[in-house]
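Close look at the chain arrangement
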Amino acid sequence: MVVAVFFVMPASASHAFTAEAQRQCTGDAFRLCSSEIPDIGRITACMVRNRSSLSSGCRVELDKGLAAKSHKVAEQ
């Protein structure tokens, strides 16, 4: 059985995951947050909680997603 993780940066129905975020973070999601799969919101929260344990590439993508989410919230 193959399970695909579509990691969302940020967790929002209006903002789809990026291919790069998926590429960089899928391994970390399985390693650190497998108990949260397939709930995207819970995976994202888990990844934020475990930020210091993320691979460097995933951490960069997580930071980009959080910055984009903050910017979007600030505009509202």
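Residues numbered from 1 in each chain as written. Predicted model: local features only at pLDDT ≥ 70, side-chain atom pairs only at ≥ 80, totals over all residues. Heavy atoms only, no water.

Turning to the packing of helix α1 (residues 19-33) against helix α2 (residues 40-49), a few remarks are in order. Between α1 and α2, the least distance of the axes is 10 Å, while the angle of their chain directions is 85°. Viewed along their axes, α1 and α2 adopt a mutual orientation that is roughly perpendicular. Note on element contacts: α2 touches α1 through Ile43, Cys46 and Met47, opposite Cys25, Asp28, Ala29, Leu32 and Cys33. Grouping the amino acids of the contact of α1 with α2 by side-chain chemistry returns seven nonpolar, no polar and one charged. (Axes fitted to C-alpha atoms, helices over the stretch in contact; angles between N-to-C directions. Helix = DSSP H or I, 4+ residues; strand = E, 2+ residues; numbered from the N terminus. Parallel < 35°, antiparallel > 145°, perpendicular 65-115°, else oblique. Contact = heavy atoms within 4.5 Å. Nonpolar A, V, L, I, M, F, W, Y, C, P; charged D, E, K, R; others polar.)

Attention now moves to the state of the cysteines. One pass over the structure, following the stated rule, counts two disulfides. Covalent S-S linkage joins cysteine 25 and cysteine 58, the inter-sulfur distance amounting to 2.2 Å. Disulfide cysteine 25-cysteine 58: torsion about the S-S bond near 110°, hence right-handed. With cysteine 25 in helix α1 and cysteine 58 in helix α3 (residues 56-75), the pair connects residues that are 33 residues apart, well separated along the chain. Cysteine 58 matches cysteine 25 in its accessibility class, with the two residues each being buried. (Disulfide = S-S within 2.5 Å. Buried < 20%, exposed > 50% of the residue type's maximum accessible area, 1.4 Å probe, protein only.)

With 70% of its residues at a pLDDT of 70 or more, the protein chain shows a mean pLDDT of 80. Element-level pLDDT for the protein chain is lowest in α3, with a mean of 82, against a maximum mean of 94 in α1. The low-confidence segment residues 8-15, where pLDDT is below 50, has 17 contacts with residues more than four positions distant or belonging to other chains. (pLDDT = per-residue confidence, 0-100.)

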